[in-house]
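# Structural overview for review
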Amino acid sequence: MKSIAAEFRVVIEHDRCRRCQRCVRECSFGALSWQDRVVAKHRDCVACRRCMFVCPEDCIYITQNPAVFKENAHWQPRVINNVKKQAATGAKLLTATGNDKPWKNYFDHIALDACQVTNPSLDPLREPMELRTYLGSRPDGIKVVEGPGGYRLAEPLPPQIKLETPLVFAAMSFGAISLNAHRALAKAAAAAGILYNTGEGGLHPELYQYGQNTIVQVASGRFGVTPEYLNQAAMVEIKVGQGAKPGIGGHLPGEKVDGEVSRTRMIPVGSDAISPAPHHDIYSIEDLAQLITAIKEATNYSKPVAVKIAAVHNVAAIASGIARSGADVITIDGFRGGTGATPAMIRDHVGIPIELALAAVDDRLRQEGIRNRVSIIAGGGIRHSADVVKALALGADAVMIGTAALIALGCTMCQKCYSGRCAWGIATQDPNLTRRLDPEWGAEQLTNLIRGWSLEIKEILGAMGVNAVESLRGSRERLRAVGLTAEEMEILGLKHAGR
């Protein structure tokens, strides 16, 4: 398709190149070849930047292709190229990772409070700061009875999951990402005292040992779902929706379904793994309640059951129904959430930001007096610890991170996860590529990330005069808006800065 300009240019300083050809061997997209010197096929470059990182002389770099289109604010180069691609192929446009359109980021318009004199701040180095939190349904009250050994609870409490810090790794399935990536996530979750999520791809037997740090999913395709699978986990999550693709199903291409993925998902090698958009046994809240009950019975009522939904316009009403259906946790995924593959138009234009959805859900559940029935996990474009603190103050019990975790593992956001040729060994099943990711190194990177964010959360809490993360949950008085409209502030439940 010669009418489509190359998006990137590969610049090679040949006078400094030592001719080692390592960049050629490392390029998983075939953009580099050897012809007496390194030669670039610019159209095949996706800017994964693997060549830049492995070059021993730092003599290769990637740039945006300059001035290939006449300047036009409405018909931008990507839009023009997309029209040309579809005109040539008649296919839908695929993409990966999260929404990269310049929608308003509400986190960046929210400022955190700080204490000064009359309500002094706390020193996290010298005073205890509690980041531990629990996920699960909380009773309206407890009854105790007196027995021979003293007082005891009249009824057992619902199952709870303890997190040492209010973070979990977001759902990413085996097949969409490599087993080495899953190993790293599982090891890091265990080390940090948090949870990772298998996604809808089943649980590899090697990772059963990390069961107390595992969330397993039950999605519409039911891949890998067995009683053993459910009982290996700390929590079970019913995936109804996903932030990067609300209202549509999933599709793992057959070329990613090798022997290990086949056995874990319980599908034939090389076959496409297609998850329909709806669960064909859920068409009402009553149907959802029936599935929740079935999962609780299969796990002897010993594990919390979560329901994951995408952030959409009527998310508050949906969450209310889920809370009344017997779910213990609601996971809300905003439209900046990442994914391995999705139609570009869905990712970029369907759904709403997590900030608005989270505030609306927390407010609705409080108004109905049922907020304590469920915990809320929120995610979808969480970039750093300040985003985490703001999400907690907007009403989340815990925050999930996916793209940030993959970046810690080496991801450079080239958005070609769906191709199966990830140069960093993350979103691929090619054994020549997956071995590039050392799970031990990856686990260390992720553990460091969680530790660093947790230290920053403690610092922020101390500055706000709060000594426990649970005291911040839903405390929107500690937030102020900057540059938002009155309607936006009403939805978020915030006052403007200066008030």
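If you're wondering where the values come from, they're calculated on a predicted model, not measured in any experiment. (Residues numbered from 1 in each chain as written. Predicted model: local features only at pLDDT ≥ 70, side-chain atom pairs only at ≥ 80, totals over all residues. Heavy atoms only, no water.)

### A word on the packing of helix H11 (residues 385-394) against helix H14 (residues 439-463)
Cut-off, in case you're wondering: Angles run from 0 to 180 degrees between N-to-C directions of axes, and those axes are lines fitted to C-alpha atoms, restricted for helices to the stretch in contact. Counting from the N terminus, the helices are the DSSP runs of H or I reaching at least four residues and the strands are the DSSP runs of E reaching at least two. Should an angle fall under 35 degrees it is taken as roughly parallel, and over 145 as roughly antiparallel, whereas 65 to 115 is taken as roughly perpendicular and any remaining angle as oblique. When the near helix sits turned anticlockwise from the far one by under a right angle, the crossing is termed left-handed; a clockwise turn instead gives a right-handed crossing. Throughout, a residue-residue contact means that at least one pair of heavy atoms, one from each residue, lies within 4.5 Å. Each residue gets one label: Ala, Val, Leu, Ile, Met, Phe, Trp, Tyr, Cys and Pro are nonpolar, Asp, Glu, Lys and Arg are charged, and the others, such as Gly, are polar.
At their nearest, the axes of H11 and H14 sit 9 Å apart, and the two run at 55 degrees to each other. Judged by the inter-axis angle, H11 sits oblique to H14. When the axes of H11 and H14 are compared, the crossing they make is right-handed. Packed against H11, whose contacting residues are Ser385, Ala386, Val388 and Val389, the element H14 presents Trp453, Glu456, Ile457 and Ile460 at the interface. In terms of residue class, the contact of H11 with H14 is made up of 6 nonpolar, 1 polar and 1 charged.

### Regarding the pairing of strand S21 (residues 398-401)
Put simply, the test is: Classification of residues uses two cut-offs on accessible area relative to the type maximum, computed with a 1.4 Å probe and protein chains only: under 20% is buried, over 50% is exposed, and between them is partly exposed. In short, DSSP must find at least two bridges between two strands for them to pair. Think of it like this: strands point away, you trace from the first strand over the helix to the second, and a clockwise trace means the crossover is right-handed.
Burial along S21 is two-sided: the residues Ala398 and Met400 and Val399 and Ile401 are all buried. Where strand S11 (residues 167-171) lies against S21, 3 bridges are found, and the strand directions are parallel. The partner of Val168 across the bridge, within S21, is Met400. Where strand S20 (residues 375-379) meets S21, 2 bridges bridge the pair, whose relative direction is parallel. What sits directly across from Ile377, in S21, is Ala398. In this fold, S20 hands off to H11, which returns the chain to S21; that crossover is right-handed.

### Some points on the packing of aromatic side chains
Applicable threshold: Aromatic pairs are defined between Phe, Tyr and Trp rings, using the six-membered ring for Trp, whenever the two ring centres lie within 6.5 Å; interplanar angles under 30 degrees are classed as stacked, those over 60 as edge-to-face, and all others as tilted. Our definition puts a charge over a ring when NZ of Lys or CZ of Arg is within 6 Å of the ring centre and also within 35 degrees of the ring normal.
For the structure on display, the rule yields 2 aromatic pairs. For the cation-ring pair, Arg50 lies above Trp424, with the distance from its terminal atom to the ring centre recorded as 4.8 Å.

### Some points on unusual backbone geometry
A positive phi angle, near 65 degrees, is found at Arg19, a position not held by glycine. Structurally, the position occupied by Arg19 is in the loop between strand S1 (8-12) and helix H1 (22-26). Look at Arg19 and you get partly exposed, because its relative accessible area is 36%. One non-glycine residue, Asn300, lies in the positive phi region at around 60 degrees. Secondary-structure assignment places Asn300 in the loop between helix H7 (285-298) and strand S17 (305-310). The class of Asn300 is exposed, set by a relative accessible area of 65%.

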